[in-house]
Amino acid sequence: METTPQKLEMFYEGKAKKLYSTSDPDLVIAYFKDDATAFNAKKRGTIEDKGVMNNRISELFFMLLEKNGVKTHFVRRLNDREMLCKRLQIIPVETVVRNIVAGSLAKRLGREEGEQLKRPIVEYYYKSDPLDDPLILGEHAIAFGWATADELKQIDAKALKVNEVLKQFLDERGVILVDFKLEFGRHHGDILLGDEICPDTCRFWDKATRQKLDKDRFRRDLGGVEDAYHEMLRRVES
Ligand code: UDP
């Protein structure tokens with residue numbers, strides 16, 4: 001049995017998670033909260049047991065990705081709400097992969113939500129709360145020094161690989177992977193997938209009914225938010 005490093009002080013609190021340093025400088029503990037925010041925290045609420053479900057769903061996705069050759073920050077789940085992770089130097093670029101038109105893409109280009117794309121799209125957004133995470137080109141990330149050209153190339157390939165692995169896994173469980181957001185970071189010369197992969201950061205639609213099983217139920221006041229998260233956990237555990 002591996003020993004768990006001792007939890008030290010909280011060094012970061014985000015919208016959905018708190019991060020704690022540990023007695024091992026290479027490891028951090030992520031604590032998953034129930035707080036829910038949308039539209040850059042202009043809408044706030046809580047989703048009962050969201051932290052527990054997102055911790056477990058993320059664990060299952062990270063293990064699946066590791067099994068398929070994608071390196072992640074995941075070490076192991078410690079308890080209901082805590083995950084042990086490798087410490088990353090986060091690259092301030094959010095990577096979104098899309099298979100079907102939804103959300104900001106539908107709005108920006110005036111397309112119908114639900115339109116199937118001819119091939120997946122990889123988009124970058126600059127991680128900045130004061131600027132509302134604006135859409136950027138890879139060129140901006142390189143020119144401003146947020147990531148190197150080589151890092152972006154790796155991020156692109158990894159994001160598309162994550163898409164292929166998750167899309168197939170979810171399809172077998174009756175779920176359409178519409179789109180999702182990833183964050184990457186540097187760790188001893190490697191680029192690792194970080195953050196979380198869960199109904200907060202992905203759009204999941206039921207294949208049969210096209211019912212939304214993700215945070216859009218909260219964003220759009222559709223009701224049944226907790227049920228949707230429970231249903232997603234049930235599907236990925238099956
Ligand atoms: N997303 C996220 N965090 C963000 C913005 C987007 O996790 O700060 C996820 C979102 O859940 C969706 C995908 O990225 O699965 C694409 O989101 P979109 O650009 O359509 O923005 P939204 O409509 O969510 O504002």
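Structural data are supplied above this passage.
Quick look at the structure, then. (Residues numbered from 1 in each chain as written. Predicted model: local features only at pLDDT ≥ 70, side-chain atom pairs only at ≥ 80, totals over all residues. Heavy atoms only, no water.)

A short note on the overall build of the protein
Quick reminder of the rule: A run of DSSP states H or I qualifies as a helix once it reaches four residues; a run of E qualifies as a strand once it reaches two. Both are numbered from the N-terminal end. Atoms counted for the radius of gyration: C-alpha only. Globule rule: 2.2 Å times the number of residues to the power 0.38. When a residue's accessible area, from a 1.4 Å probe over protein chains only, is under 20% of the maximum for its type it is buried; when over 50% it is exposed; and in between it is partly exposed. What makes two residues a contact is simply this: any of their non-hydrogen atoms within 4.5 Å. Positive charge is attributed to Lys and Arg, negative charge to Asp and Glu, and no charge count is given to His or to the chain ends. Charge placement uses NZ in Lys and CZ in Arg. For Asp and Glu, CG and CD serve respectively.
A tally of helices and strands in the protein yields six helices and 13 strands. For 238 residues, the compact-globule estimate of 2.2 N^0.38 gives 18 Å, and the C-alpha radius of gyration of the protein, at 17 Å, lies within 12% of that figure. Considered along the principal axes of its C-alpha atoms, the protein spans approximately 50 × 40 × 35 Å. Looking at the protein as a whole, 52% of its 238 residues qualify as buried. Taking as baseline every contact in the protein between residues at least 6 positions apart, the subset at least 24 positions apart corresponds to 57%. Averaging the positions of the 41 positive and the 42 negative side-chain charges in the protein gives two centres separated by 3 Å.

Things to note about the pairing of strand β13 (residues 202–206)
This is how it is decided: Here, strands pair whenever DSSP counts at least two bridges between them.
Of all five residues in β13, five are buried; the element is thus mostly enclosed. Alternating residues of β13 divide into C202, F204 and D206 and R203 and W205, and every residue in both groups is buried. As judged from the five bridges shared by strand β11 (residues 175–187) and β13, these two strands associate in the antiparallel manner. In the strand pairing of β13, F180 is matched with C202.

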